[in-house]
Amino acid sequence: MLRRRKTKSSQIEITSPDKRIKCRFTIKNGRIGYSVYVNDSVLIRNSRLALNICGEGVLGDNFSLIRAQHIDHSETVEMPWGEDRFIDNSYHETSFFVAENRTLGRIMTIRFRVFNTGVAFRYEVPPQPKFRQITIQDELTEFGFNPSSVAFKIPAFMPDRYEYNYEKARLGDLSEPVHTPLTIKTPDGIFGCIHEAALYDYGSMTLEAKNATMRCVITPLSDNTKAHVVLPFSTPWRVVMIANSAIDLTKNRLIYVLNEPPNQDFSWVRTLKFIGIWWAMYVGEWTWAPGDKHGATTAHAKEYIDEAVKLGVSGLLIEGWNDGWEGDWLKNGVNNKFTVATPDFNLPEVAKYASKRNIELVGHHETVGFVDNYENQLEEAYDYYAKNGIRYIKTGYAGSKMIINGRPEYHHSQRGVNHYQKTIEMAAARHICLDIHEPIKGTGIERTWPNLLTREGARGQEYEGGSLSPSHACYLPYTRLLSGGMDYTSGIFDIENPKKRIFTTIARQLAYFVVIYSGMQMAADRPSMYSGRYNELFNFIRNVPINFEKTVPLAGEIGEYYVVARKDRDSADWYIGGVTNEEGRTISVKLDFLEDEKYQATIYSDAKNSDYKSNPLVYETNTKKIKSGDTLSIYIAPGGGFAIRLQRL
Ligand code: NOJ
Ligand code: CA
């Protein structure tokens, strides 16, 4: 359908396929704006859409609508791995072609898609009569939510990147920029989440409250601009996920369908469960750096490979294997060598042994943010792993800024974004999968690049020992995890180790494997913890899948608790996990989502007297027969959790 309007003021509405969500595009006095309505109530009041271009002024004032083009789209997207195999991609799209009224005659398109679960739009700038390259000074996009809404946020532009505790605040009071996904609860009880999809070659979006409206602040480059781009150019999708309840919000998968399907063969990608030469460093038994207690030795690696075989997990991560982890590693990381092993670690020998025992090695590149040093070795480093049959790499960017072209840049700036993308493509060309720590946030690009199996990008268990509260994991499903999977490094059983006390109950460590999705799941403790006293708990970790057919969030409130069920992609079995904050509670869930009639349930839960502070190690295991439609009632202790395996009978 084609509509032509030549008047200065225009107003066109797009509705979601189910007509519940409405988006109104307007040009008033030459200014471009949009608003969003849910069930005819305002969710986003009229908000500005414009780009400020260096030396060229604002693109978005003094504009008229030239034409609007409408498309109805309906499709089911199949994902190679993840939380859901099928994702609905039905939307009504309208592209607004707009042109400047003045002599400059600049043009652009704003493309809107309205789904049953949210709204997305982006700016598309074609080559202009006068110029082919632009520098973005600012993106002036606004999201006019009610300022009295509650926001669940982490701060942006801080030294530890995305690794902060979530806090609640009144939206209108957010005076400092915050990261997306930014989850919002309006006074009308609607849940929204502002995020972005398909972030390429551009700074990532942060948000700040200005004059009671949320404004986009693109992460700056060191030259104080936001992005240098070549035309034609599209911004990432600006996405507002919308739901009637917190638990429904956690079903949102819009960011994936707003990304393109892959343009190469990724049938070689496999999700992975692995252990690591890792937690022993956190509890001070071993070190990353060479010396008496060096973790990454040939002997330890072979021993851990044997342990992985015994435990029935498929992979082993080895950190601290390479030259450079000496002394003050945060400073010395600038000298890290990614193709040179320490003298006590023989990489080809370890790789051969792993292959003989059918264990995948997860290689490790800790760049400490020294991107120049890493990029100088990038090709050689990836070739080196590929030559040794290593098909998984964990990368890391500890350090408060990246050093790129000799200058300090934010991890989430355009230069940072482009660096991460280079590693993903470098890996894909060699059939290598990635787990990125200190990453750029997820924007659904895993759909196009499924070899990016997981990333960190939030506080994970490495912050245990005092800096993680039980509520943290109860915020994640409603916030960070709306941007994709996370390597939380779950499964620590050595709860009471004084070097790194874990403030959870032991049953909760199993719950994490269901609650926090990750395409690469690490059973993060030392294998000795799994083979001994807690072997029965490890059974759950061994069996829980990484690739799910579908996910059914069951119950929860933001920052308080979360219960989710997931069906295995390769069997008829289901898995349920639940976590709570500092408050103990009894959860009742109706098992009406089960397709088959009868299941054998194995339940790992807290005991009546469990407590994350005073009694974290007690737990109960029970087996019982259940039927579809039964109601399951489970007690979760303060800081606790539970995990259930349902095997079809
Ligand atoms: C921080 C990462 O999150 C962690 O997993 C890693 O072990 C250390 N950096 C060292 O690279
Ligand atoms: Ca980290």
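Nothing here was measured: the structure is a model prediction, and the numbers come from that model. (Residues numbered from 1 in each chain as written. Chains lettered and ligands numbered in written order. Predicted model: local features only at pLDDT ≥ 70, side-chain atom pairs only at ≥ 80, totals over all residues. Heavy atoms only, no water.)

What follows concerns the overall build of the protein chain. Helices and strands together make up the secondary structure of the protein chain, namely 12 helices and 42 strands. In terms of its C-alpha atoms, the protein chain occupies a principal-axis envelope of roughly 75 × 60 × 45 Å. Buried residues in the protein chain amount to 64% of all 649 residues. Taking the intrachain contacts of the protein chain between residues at least 6 apart in sequence as the baseline, contacts between residues at least 24 apart amount to 70%. (Helix = DSSP H or I, 4+ residues; strand = E, 2+ residues; numbered from the N terminus. Buried < 20%, exposed > 50% of the residue type's maximum accessible area, 1.4 Å probe, protein only. Contact = heavy atoms within 4.5 Å.)

To continue, consider the environment of Asp61. Mapped onto the fold, Asp61 is located in the loop between strand E7 (57–59) and strand E8 (63–73). Dropping the residues within four chain positions of it, Asp61 is found in contact with Gly30, Arg31, Arg48 and Glu100. Of the polar contacts made by the side chain of Asp61, one reaches the side chain of Arg31; its length is 3.5 Å. (Polar contact = N/O pair within 3.5 Å; in protein donor to acceptor, adjacent residues only side chain to side chain.)

Moving on to the nonpolar core. Nonpolar side chains tend to gather and get buried jointly when the protein is soluble and globular. Residues Phe25, Phe112, Phe143, Ile318, Tyr382 and Phe493 are the most contacted members of the largest nonpolar core, which totals 195 residues. Ignoring any residue separated from it by four or fewer positions in sequence, one finds Phe25 in contact with Ser10, Gln11, Ile12, Ile32, Gly33, Tyr34, Leu49, Leu65, Phe96, Val98, Ile110 and Phe112. Membership of the second largest hydrophobic core comes to 22 residues, among which are Val552, Tyr561, Ile626 and Ile634. (Core = buried A, V, L, I, M, F, W, Y, C linked by side-chain atoms within 4.5 Å.)

Our focus in this paragraph is the coordination of the calcium ion (ligand 2). Only Glu163 (OE), Glu438 (OE), Glu456 (OE), Glu456 (OE) and Glu462 (OE) from the protein coordinate the calcium ion (ligand 2), and they sit 2.3 to 2.5 Å from it. Around the calcium ion (ligand 2) sit six donor atoms; with metal-centred angles ranging over 52 to 160°, the donor geometry is irregular. Binding-site remark: the calcium ion (ligand 2) is held by donors from one chain whose sequence spacing is E-x274-E-x17-E-x5-E. Taken together, the positions of Glu438 in the loop between strand E32 (433–436) and strand E33 (452–455) and Glu462 in the loop between E33 and helix H9 (472–475) put the pair 24 residues apart, joining distant regions of the chain. (Donors = N, O, S within 2.8 Å, 3.2 Å for Na, K, Ca; no water. Tetrahedral: all angles 85-135°; square planar, octahedral: opposite > 155°, others 65-115°.)

The buried count for helix H10 (residues 506–515) comes to 10 of 10 residues, which makes it a mostly enclosed element. Buried residues of H10: Ile506, Ala507, Arg508, Gln509, Leu510, Ala511, Tyr512, Phe513, Val514 and Val515, and no others.

Take the sheet that holds strand E26 (residues 272–277) next. Reading across from one edge, E33-E32-E29-E28-E27-E26-E34 is the order of the seven strands in this open sheet, with parallel pairing throughout. In this open sheet, the two strands that pair with only one neighbour each are E33 and strand E34 (520–522). Put simply, the sheet's adjacent strands are angled 25° from each other on average, direction ignored. Across four bridges, the pairing between E26 and strand E27 (residues 315–318) is parallel. Across the sheet, Ile275 pairs through a bridge with Leu316, a residue of E27. (Pairing = 2+ DSSP bridges. Axes fitted to C-alpha atoms, helices over the stretch in contact; angles between N-to-C directions.)

Quick look at the site of ligand 1 now. The full set of residues close to ligand 1 is Trp278, Tyr282, Trp288, Glu319, Trp325, His364, Glu366, Lys394, His437, Glu438, Glu456 and Glu462. Between an oxygen atom of ligand 1 and a side-chain N or O atom of Lys394, the distance comes to 2.7 Å. Interatomic distance of 3.0 Å between a side-chain N/O atom of Glu456 and an oxygen atom of ligand 1. In the complex, the protein chains occlude 95% of the 300 Å² of accessible area that ligand 1 would expose alone. (Near = heavy atom within 4 Å. Areas by Shrake-Rupley, 256 points an atom, 1.4 Å probe, with all protein chains shown as cover.)

Applying the stated criterion across every chain yields a total of eight cavities of 30 Å³ or more. Taken as a whole, the largest cavity spans an internal volume of roughly 180 Å³. In terms of lining residues, the largest cavity is bounded by 18 residues, among which Met79, Trp81, Gly82, Glu83 and Tyr256 are the most central. Among the elements that take part in the lining of the largest cavity, E33 stands out by supplying four residues, more than any other. Per-class residue counts for the lining of the largest cavity are nine nonpolar, four polar and five charged. There is about 110 Å³ of room inside the second largest cavity. Residue lining of the second largest cavity: 15 residues in total, with Glu83, Thr250, Pro477, Leu481 and Arg566 positioned closest to the centre. In terms of residue class, the lining of the second largest cavity is made up of seven nonpolar, five polar and three charged. (1 Å grid on protein atoms, 1.4 Å probe; cavity = no way out; pocket = protein on both sides within 12 Å on 5 of 7 lines; lining within 4 Å. Points joined across faces, edges and corners; volume = space filled by probe spheres on them. Nonpolar A, V, L, I, M, F, W, Y, C, P; charged D, E, K, R; others polar.)

It is worth spelling out helix H6 (residues 347–356) at this point. Buried residues of H6: Leu347, Val350, Ala351, Tyr353 and Ala354, and no others. End-on, the buried residues of H6 take up no more than an arc of 160°, which puts them together on one face. H6 presents Lys352, Ser355 and Lys356 as exposed residues on the side facing more than 90 degrees away from its buried surface. Looking at the buried residues of H6, the elements they touch are helix H4 (298–311), E27, strand E28 (360–366) and helix H7 (371–387). Sitting at the amino-terminal end of H6 is Asn346, which places a side-chain oxygen 3.1 Å from the backbone nitrogen of Glu349. Note on H6: the residue one or two positions beyond its end, Asn358, has a positive phi of about 65°. (Arc of directions from axis to C-beta.)

A separate point is the packing of aromatic side chains. Under the defined criterion, the tally for this structure stands at 39 aromatic pairs. Judged by centre distance (6.4 Å) and plane angle (70°), the rings of Tyr374 and Tyr397 are edge-to-face. A residue pair is termed long-range when its members are at least 10 positions apart, and Tyr374 in helix H7 and Tyr397 in the loop between strand E29 (392–396) and strand E30 (402–404) qualify at 23 residues. With a centroid separation of 5.4 Å and 80° between ring planes, the pair formed by Tyr478 and Tyr562 is classed as edge-to-face. In this pair, Tyr478 is assigned in the loop between H9 and H10 and Tyr562 in strand E36 (residues 561–568), connecting sequence segments 84 residues apart. (Phe/Tyr/Trp six-rings, centres within 6.5 Å; stacked < 30°, edge-to-face > 60°.)

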